[in-house]
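Coordinates in review
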Amino acid sequence: MTPAVRTSNSASLIAERLRTSIRDGELPPGTRLVQEKLAAQMEVSRIPLREALHTLAAEGLIEVQPQRGMLVAELGRAELGELFELRLQLEPHLAEEIVRGCRDRDIDGLQELADRMRGQGADAAARADLNYRFHRRIYDLSERRLTLRFVDQLLHLVEPYSRRWVHSGHDLERIDNEHQAMVDALRDRDADALRRVIITHVEGARDHVLAAHDPA
């Protein structure tokens, strides 16, 4: 992981930085996590680091394996399929409350993120952070805090696999158009349209991720 400024010894802040490193590809699936090395890189104490690692293990981002220790979780095809099934059960049903909680300044912020993503092309590293922020900001508008915790976990789990097909550059225009369609639905205060595009977007992401995970 790229060295950075000292991280607070708060276990929650350490966990958030590790989530970001996994999501952004600094710690790819299958990476072995050596606590002494991580503690030195992050300039944190091992006790809060250990607590943060166990938090991420409970979230499914990290696996604990006998003889190998802790590794960034590596999901199989069936697990990825299940992950997208869960997204489809949770995310579209937030549409009505998202529209209800949306304000003009929220739409402007989402439009800026959508425009910036479109400008990144197949730069997976740049897209990863923008894509997460875009979806997280939309779902935040629902103010469904418990549901959001699960959605956030799913977004972190899927992002390392999304990066693989973003690198290919395939169908990115369609993805960008779907982001724009979400913004347009919010601008029109159209919950049904937002629900439909979320379903289309998640289903498309599922198909791309599974194809990249197990190419023909």
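The structure under discussion appears in the preceding block.
Residues numbered from 1 in each chain as written. Predicted model: local features only at pLDDT ≥ 70, side-chain atom pairs only at ≥ 80, totals over all residues. Heavy atoms only, no water.

**Describing the layout of surface pockets**
The computed volume of the largest pocket comes to approximately 220 Å³. Lining the largest pocket are Arg-19, Glu-59, Arg-136, Arg-145, Leu-148, Arg-149, Phe-150, Asp-152, Gln-153 and His-156. Looking at the lining of the largest pocket, the element that brings in the most residues is helix H8 (residues 145-168), giving seven residues. Among the residues making up the lining of the largest pocket, the classes are represented as two nonpolar, two polar and six charged. In this structure, the second largest pocket encloses a volume near 160 Å³. (1 Å grid on protein atoms, 1.4 Å probe; cavity = no way out; pocket = protein on both sides within 12 Å on 5 of 7 lines; lining within 4 Å. Points joined across faces, edges and corners; volume = space filled by probe spheres on them. Helix = DSSP H or I, 4+ residues; strand = E, 2+ residues; numbered from the N terminus. Nonpolar A, V, L, I, M, F, W, Y, C, P; charged D, E, K, R; others polar.)

**What about helix H4 (residues 77-90)?**
Here H4 spans 20 Å end to end across 14 residues, near enough to the 20 Å set by a 1.5 Å rise per residue. Burial in H4 covers these residues: Leu-80, Gly-81, Leu-83, Phe-84 and Arg-87. In a view along the axis of H4, the buried residues occupy a sector of 155°, so they form one face of it. Looking at H4, the residues exposed on the side facing more than 90 degrees away from the buried face are Ala-78 and Gln-89. (Expected span 1.5 Å × (residues − 1). Buried < 20%, exposed > 50% of the residue type's maximum accessible area, 1.4 Å probe, protein only. Arc of directions from axis to C-beta.)

**What about the nonpolar core?**
Leu-18, Leu-49, Phe-134, Leu-186 and Leu-194 are the most contacted members of the largest nonpolar core, which has 57 residues in total. Ranked by residues supplied to this core, first place goes to helix H10 (residues 191-213) with eight residues. (Core = buried A, V, L, I, M, F, W, Y, C linked by side-chain atoms within 4.5 Å.)

**Regarding the side chain of Arg-87**
Topologically, Arg-87 is positioned in helix H4. Taking the relative accessible area as the measure of exposure, Arg-87 reaches 5% and is therefore buried.

**Notes on empty space enclosed by the protein**
Under the definition given, this model contains two cavities of 30 Å³ or more. There is about 40 Å³ of room inside the second largest cavity. In this structure, the second largest cavity is lined by Ile-22, Leu-61, Val-72, Ala-73, Leu-75, His-156, Leu-157, Pro-160 and Tyr-161. Among the elements that line the lining of the second largest cavity, the one with the most residues is H8, at four residues. Of the residues that constitute the lining of the second largest cavity, the class distribution is eight nonpolar, one polar and no charged.

**Re the pattern of salt bridges**
Under the definition given, this model contains 17 salt bridges. Taking the shortest distance from any N to any O, the salt bridge between Glu-97 and Arg-144 comes out at 2.9 Å. Of the two residues, Glu-97 sits in helix H5 (residues 95-101) while Arg-144 sits in the loop between helix H7 (124-140) and H8, which places them 47 residues apart along the sequence. Judged by relative accessible area, Glu-97 falls into the partly exposed class, the value being 24%. According to the relative accessible area criterion, Arg-144 is partly exposed, its value standing at 35%. Look at the salt bridges and you will find they share partners, linking Arg-136, Asp-140, Arg-145 and Asp-152 into a network. (Salt bridge = Lys/Arg side-chain N within 4 Å of Asp/Glu carboxyl O.)

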